[in-house]
Amino acid sequence: MKKSNQIFLDACNGLPTKRTPVWIMRQAGRYLPEYRKIRSKATFHQMMHKPDLMTEVTLLPMKRFELDAAIMFSDILVIPESLGMKFDLVPKVGPVFNNRISNDNDIKNLNYNNDYFKNIYKGISSIRSDLNNDKSLIGFAGAPWTVACYMLEGKPSKDYMSLRSLMIEKPDSFKLLMEKITDATINYIDGQIKSGVNVIQIFDSNGTYISKDHYEKYSLPYISKIIRHINSRNIPSIYFAKGLCNDVDLILKNEPKVLGIDWTVNIGDIKNKIKNKVVLQGNLDPSVLLCSNQIIKQEVAKIIDSIGNNQGHIFNLGHGITPNVNPISVEFLIQTVKQLSKK
Ligand code: CP3
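Note that the structure is predicted; figures quoted are calculated from it, not measured.

**Thoughts on the overall build of the protein chain**
And step 1. From N to C terminus, the protein chain includes 15 helices and 9 strands.
And step 2. Whereas a compact globule of 343 residues would reach a radius of gyration of roughly 20 Å, the protein chain reaches 19 Å, a difference of no more than 12%.
And step 3. Per-residue burial for the protein chain yields a buried fraction of 46% across its 343 residues.
And step 4. Put simply, 73% of the contacts in the protein chain that link residues at least 6 apart link residues at least 24 apart.

Listed below in structure tokens is the structure:
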């Protein structure tokens, strides 16, 4: 594979880079005062669906920091919306659907509307044309299992029992639901690629709610269909498998080019297990960003050292940045990664 002018893309493709590239999950979020200012005047949906606003918000962290990739400002819950389920963002609760799925008919009645995404696609084109060409643009979607958790519960939950019981009691209805989400996601990803994203990350943030056996039977086949599709488009795929990282052999069956590692595991151990089969992304504990610069430097060094001199690593947190982080600590983190990883 030939080198590109994007260090992030080269790292995704396993090519050598002069230092470790860095971006941060949820980098365009509430820890930024400029995000909060825009958010005080606009709804979350306006920020996702007005191409100008989507562009502005996506580029906020790129203006402030020397990050190697931007992630389009959106949410994994646009997929249920494209299938006819609307949500509102309720303060202190999170996304709440007007109607949750409560019976088989609700699943049968889900109807994909590709038009739903038209402003998001315009936003992606506008971001790509505003972004420096040495920076990558990350598109994303949720893993079907993770998205379905919200569709059944109707809001964030501690245990997602509704989807787990549907899966066990009514496997046919569960299958229909997962197929509808998977097909919609594949269409959506194609639209993102056509509009200009360079990489796609699949967020499987609710992976811990499922047993290993159930994961293999009820979640993995849909994720791997999506990832195989991304791979067939010659775009790097990143699979962020929160809570599943100890079972590397299992999650690698999805065949992602890059594995996103959460902060609960030792990235050096994972590196030994994968034997250079995939690139790793991660995995600083997000709470480290609430600590002193001295601690931040020490924890970044541990990660860079455990990867060693080998290529095949993208620096990130092990989950999203939290709203209480000081942007000055983010600046320090990015500079430290660059300094310590210079080859
Ligand atoms: O990373 C980025 O900067 C891009 C934007 C992005 C958002 N959501 C914006 C957002 C991405 C990649 C997501 C993914 C997402 N959304 C996930 C998977 C990643 C993860 O963190 O586990 C999940 C589970 C969701 C669903 C969701 N959206 C929840 C549970 C919430 C409320 C909880 C929270 O973190 O506030 C949202 C709202 C949301 N999505 C916000 C942002 C910036 C907060 C919006 C606001 O109040 O202004």
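**Overview of helix 8 (residues 144-153)**
And step 1. Summarising burial for helix 8: 9 of the 10 residues are buried, a large majority.
And step 2. Those residues of helix 8 not exposed but buried are Pro144, Trp145, Thr146, Val147, Ala148, Cys149, Tyr150, Met151 and Leu152.
And step 3. After helix 8 finishes, the residue glycine 154 shows a positive phi value of roughly 85 degrees.

**Topic: the nonpolar core**
And step 1. Residues Ile79, Ile138, Ala148 and Ile202 are the most contacted members of the largest nonpolar core, which totals 105 residues.
And step 2. In this structure, alanine 148 is in contact with Leu163, Leu177, Met178 and Ile181, ignoring residues within four places of it in sequence.

**Brief notes about the packing of helix 13 (residues 267-274) against helix 14 (residues 293-307)**
And step 1. Put simply, helix 13 and helix 14 touch, their axes get as near as 8 Å, and they point 15 degrees apart. Here helix 13 lies roughly parallel to helix 14, going by the angle between them. With respect to the hand of their crossing, helix 13 and helix 14 are arranged in right-handed fashion. Within the contact between the two elements, helix 13 uses Ile267, Gly268 and Lys271 and helix 14 uses Ile303, Ser306 and Ile307.
And step 2. Class assignment of the residues belonging to the contact of helix 13 with helix 14 gives a composition of 3 nonpolar, 2 polar and 1 charged.

**Details of the pairing of strand 2 (residues 87-90)**
And step 1. Taken together, the 4 bridges between strand 2 and strand 3 (residues 94-97) define a ladder with antiparallel strand orientation. Its bridge partner being in strand 3, aspartate 88 is matched across the sheet by valine 96.
And step 2. What sits between the antiparallel neighbours strand 2 and strand 3 is a turn of 3 residues, in which lysine 92 has the positive phi angle 70 degrees.

**With respect to the pairing of strand 9 (residues 313-317)**
And step 1. With respect to burial, strand 9 is a largely interior element, 5 of its 5 residues being buried.
And step 2. Residues His313, Phe315 and Leu317 of strand 9 are buried on one face, and the alternating residues Ile314 and Asn316, pointing to the opposite face, are buried as well.
And step 3. Here strand 8 (residues 279-284) runs beside strand 9; their pairing, made up of 5 bridges, is parallel. Its bridge partner lying in strand 9, glutamine 281 is registered against isoleucine 314.

**Describing the packing of helix 2 (residues 33-41) against helix 4 (residues 51-64)**
And step 1. Axis separation between helix 2 and helix 4 bottoms out at 9 Å; the angle between their running directions is 165 degrees. One finds that helix 2 runs roughly antiparallel with respect to helix 4. Classified by chirality, the crossing of helix 4 by helix 2 is right-handed. Of the residues in helix 4, those touching helix 2 at Glu34, Tyr35 and Ile38 are Glu56, Val57 and Leu60.

**Some details on unusual backbone geometry**
And step 1. Residue glycine 282 is joined to asparagine 283 through a cis peptide bond whose omega torsion reads -10 degrees.
And step 2. By the secondary structure assignment, asparagine 283 is in strand 8.
And step 3. Backbone geometry at tyrosine 160 places phi at a positive 50 degrees, although glycine is not the residue there.
And step 4. Mapped onto the fold, tyrosine 160 is located in the loop between helix 8 and helix 9 (161-169).

**Considering the environment of arginine 164**
And step 1. Examined against the element boundaries, arginine 164 turns out to sit in helix 9.
And step 2. With 18 C-beta atoms packed within 10 Å, arginine 164 lands in the partly exposed category.

**Side note on the environment of arginine 19**
And step 1. Mapped onto the fold, arginine 19 is located in the loop between helix 1 (7-12) and helix 2.
And step 2. Sequence separation of arginine 19 and isoleucine 7 is 12 residues, and the distance between their C-alpha atoms is 8.4 Å.
And step 3. With near-sequence residues (within four places) excluded, arginine 19 lies in contact with Lys338, Ser341, Lys342 and Lys343.

**Overview of the sheet that holds strand 5 (residues 199-204)**
And step 1. Taken in spatial order, the 7 strands make up an open sheet running 1-4-5-6-7-8-9, and their pairing is parallel. Only two strands of the sheet have a single partner each, and these edge strands are strand 1 (69-71) and strand 9. On average, each strand axis in the sheet is tilted by 25 degrees relative to the strand beside it, whichever way the strands run.

Reading the values: rules and limits
Counting of residues starts from 1 at the beginning of each chain's written sequence and follows it residue by residue. Owing to the predicted nature of the model, reporting of local features is limited to residues with pLDDT of at least 70; listing and counting of side-chain atom pairs is limited to 80 or more, with chain, interface and lining totals taken over all residues. Secondary structure elements are defined from DSSP: runs of H or I of at least 4 residues count as helices, runs of E of at least 2 residues count as strands, and each element is numbered from the N terminus. Atoms considered for the radius of gyration are the C-alpha atoms alone. The globule rule reads 2.2 Å times the number of residues to the power 0.38. Counting other C-beta atoms within 10 Å of a residue's own tells you its class, since 20 or more makes it buried, 12 or fewer makes it exposed, and anything in between is partly exposed; those C-beta atoms are placed from the backbone. By the convention adopted here, residues make contact when the C-beta atoms placed from their backbones lie within 7 Å. By definition, a nonpolar core groups buried Ala, Val, Leu, Ile, Met, Phe, Trp, Tyr and Cys residues that are joined through C-beta atoms within 7 Å. Orientation is described by axes fitted as lines to C-alpha atoms, over the contacting stretch for helices, and by angles from 0 to 180 degrees between their N-to-C directions. Note that the term roughly parallel is reserved for angles under 35 degrees, roughly antiparallel for angles over 145, roughly perpendicular for angles of 65 to 115, and oblique for everything else. We call a crossing left-handed when the near helix sits turned anticlockwise from the far one by less than a right angle, and right-handed when that turn is clockwise. Charged residues are taken to be Asp, Glu, Lys and Arg, nonpolar residues to be Ala, Val, Leu, Ile, Met, Phe, Trp, Tyr, Cys and Pro, and polar residues to be all remaining types, Gly included. Strands are labelled as partners when DSSP assigns at least two bridges between them.

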